[in-house]
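# Fold and contact review
Listed below are the residues making up each chain.
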Amino acid sequence: MDSKIKDIVSKNLKQARESIGLTQQQVADIMQTKQNIYSRYETGKLELDYCKIEFLCRLFDITPNDLFGF
């Protein structure tokens, strides 16, 4: 993934999470993963797959367009 897109997705993912008052640990628990794995999504070190994009958009009540900054 292009580094500019990674930066946008990372920033928007963190902002969406914080806007509903969840910690990384809480989101990781909901996703049934570890906090350090979820953290990698927010830092752009790990790419989201389609299922995770859909899941997180529903959780944060945002659209994929919001996530990707369109």
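Check the entry above for the structure.
Let us look at the structure shown here. Note that the structure is predicted; figures quoted are calculated from it, not measured.

### So, the overall build of the protein
Along the protein, the regular secondary structure elements total five helices and zero strands. For the protein, the α and β elements follow one another from N to C terminus as α-α-α-α-α. For the protein, whose C-alpha radius of gyration is 11 Å, the value lies close to the compact-globule estimate of 11 Å for 70 residues. At a minimum sequence separation of 6, the contacts of the protein that also span at least 24 residues come to 56%. With an accessible surface of roughly 4,700 Å², the protein has 51% of that area assigned to carbon and sulfur atoms.

### A closer look at helix α4 (residues 50–60)
Of all the positions in α4, only Ile53, Leu56, Cys57 and Phe60 are classed as buried. Angular distribution of buried residues about the axis of α4 spans 105 degrees; they occupy a single face of the element. Opposite the buried face of α4, by more than 90 degrees, sit the exposed residues Cys51 and Arg58. Elements in contact with the buried residues of α4: α1 (3–19), α2 (24–31), α3 (35–43) and α5 (64–68). Put simply, Asp49 is the residue that caps the front of α4, since its side-chain oxygen is 3.1 Å from the backbone nitrogen of Cys51. Within two residues after α4, Asp61 carries a phi angle of roughly 55 degrees, on the positive side.

### Considerations on the pattern of salt bridges
Applying the stated rule across the entire model yields four salt bridges. A salt bridge links Arg17 to Glu42; its shortest N-O distance comes to 2.5 Å. Of the two residues, Arg17 is situated in helix α1 and Glu42 in helix α3; the sequence distance between them amounts to 25 residues. When the shortest N-O distance is used, the salt bridge between Glu54 and Arg58 registers 2.9 Å.

### Digging into α3
Three or more residues of α3 are buried, namely Tyr38, Ser39, Tyr41 and Glu42. Each buried residue of α3 lies within a common arc of 150 degrees when the element is viewed along its axis, so the set occupies one face. In this fold, the buried residues of α3 make contact with α1, α2 and α4. Backbone geometry just after α3 places Gly44 at a positive phi near 80 degrees.

Cut-offs applied
- Residues numbered from 1 in each chain as written.
- Predicted model: local features only at pLDDT ≥ 70, side-chain atom pairs only at ≥ 80, totals over all residues.
- Heavy atoms only, no water.
- Helix = DSSP H or I, 4+ residues; strand = E, 2+ residues; numbered from the N terminus.
- Rg over C-alpha atoms; globule rule 2.2 N^0.38 Å.
- Contact = heavy atoms within 4.5 Å.
- Areas by Shrake-Rupley, 256 points an atom, 1.4 Å probe, with all protein chains shown as cover.
- Buried < 20%, exposed > 50% of the residue type's maximum accessible area, 1.4 Å probe, protein only.
- Arc of directions from axis to C-beta.
- Polar contact = N/O pair within 3.5 Å; in protein donor to acceptor, adjacent residues only side chain to side chain.
- Salt bridge = Lys/Arg side-chain N within 4 Å of Asp/Glu carboxyl O.

Everything listed here is a matter of coordinates, which is why it stays silent on function.
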